[in-house]
Amino acid sequence: MSAVNVSLQVLPIVEEERIYPVVDKVIDYIKSTGVKYFVSPMETTMEGDIDVLLDIVKKVQNICADEGAKRVISIVKIDFKPDGVTIEEKIGKYRDDC
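Residues numbered from 1 in each chain as written. Predicted model: local features only at pLDDT ≥ 70, side-chain atom pairs only at ≥ 80, totals over all residues. Heavy atoms only, no water.

A. Quick peek at the side chain of Glu43. When you line up the elements, Glu43 lands in the loop between strand E2 (36-39) and strand E3 (44-48). A distance of 3.2 Å separates the side chain of Glu43 from the side chain of Lys77, its partner in a polar contact. Glu43 has contacts with Ser7, Leu8, Gln9, Phe38 and Lys77, leaving out every residue within four places of it along the chain. (Helix = DSSP H or I, 4+ residues; strand = E, 2+ residues; numbered from the N terminus. Polar contact = N/O pair within 3.5 Å; in protein donor to acceptor, adjacent residues only side chain to side chain. Contact = heavy atoms within 4.5 Å.)

B. Region of interest: the nonpolar core. In this structure, Val26, Met46, Leu53, Ile56, Val60 and Cys64 are the most contacted members of the largest nonpolar core, which totals 20 residues. Elements represented by at least two residues in this core include exactly strand E1 (4-12), helix H1 (19-33) and helix H2 (50-66). Among all residues touching Cys64, those that are not within four sequence positions of it are Val10, Pro12, Val22, Val26, Ala69 and Val72. (Core = buried A, V, L, I, M, F, W, Y, C linked by side-chain atoms within 4.5 Å. Buried < 20%, exposed > 50% of the residue type's maximum accessible area, 1.4 Å probe, protein only.)

C. Looking closely at the sheet that holds E3. Pairing in this open sheet of 4 strands is antiparallel, and the strands run E2-E3-E1-E4 from one edge to the other. Sheet topology places E2 and strand E4 (72-79) at the edges, where each strand pairs with a single neighbour. Taking each pair of neighbouring strands and ignoring which way they run, the sheet shows an average axis angle of 20°. Where E2 and E3 come together, 4 bridges link them in antiparallel fashion. (Pairing = 2+ DSSP bridges. Axes fitted to C-alpha atoms, helices over the stretch in contact; angles between N-to-C directions.)

D. Here's a closer look at the pattern of salt bridges. Enumeration over the complete set of coordinates arrives at 6 salt bridges. Its salt-bridge partner being Glu67, residue Lys25 comes within 3.9 Å of it at the nearest N-O pair. Separated by 42 residues along the polypeptide, Lys25 in helix H1 and Glu67 in the loop between H2 and E4 bring together distant segments of the chain. Salt-bridge contacts for Lys58 lead to Asp55; the nearest nitrogen and oxygen are separated by 3.4 Å. (Salt bridge = Lys/Arg side-chain N within 4 Å of Asp/Glu carboxyl O.)

In structure tokens form, the structure reads like this:
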């Protein structure tokens, strides 16, 4: 299957001082999966097979809960084209690190 982009904004309901450490655990997990990803101030965008990326989204909910979140609000955006879509084609001309 062609690559898709999935953007994930995760909002763990924890004490304010714990938000960034929990989000850091989420980003560490995404990094460990080997998918191409890009962290921005409001969300992380991943590139790859849609089933793999949606499995990552599901796992992230449990990571937040394991870190003490009583509730997790996640905003997921999917960019799909039959021929595939890449992070590079969207922002490559703006960034040197894609």
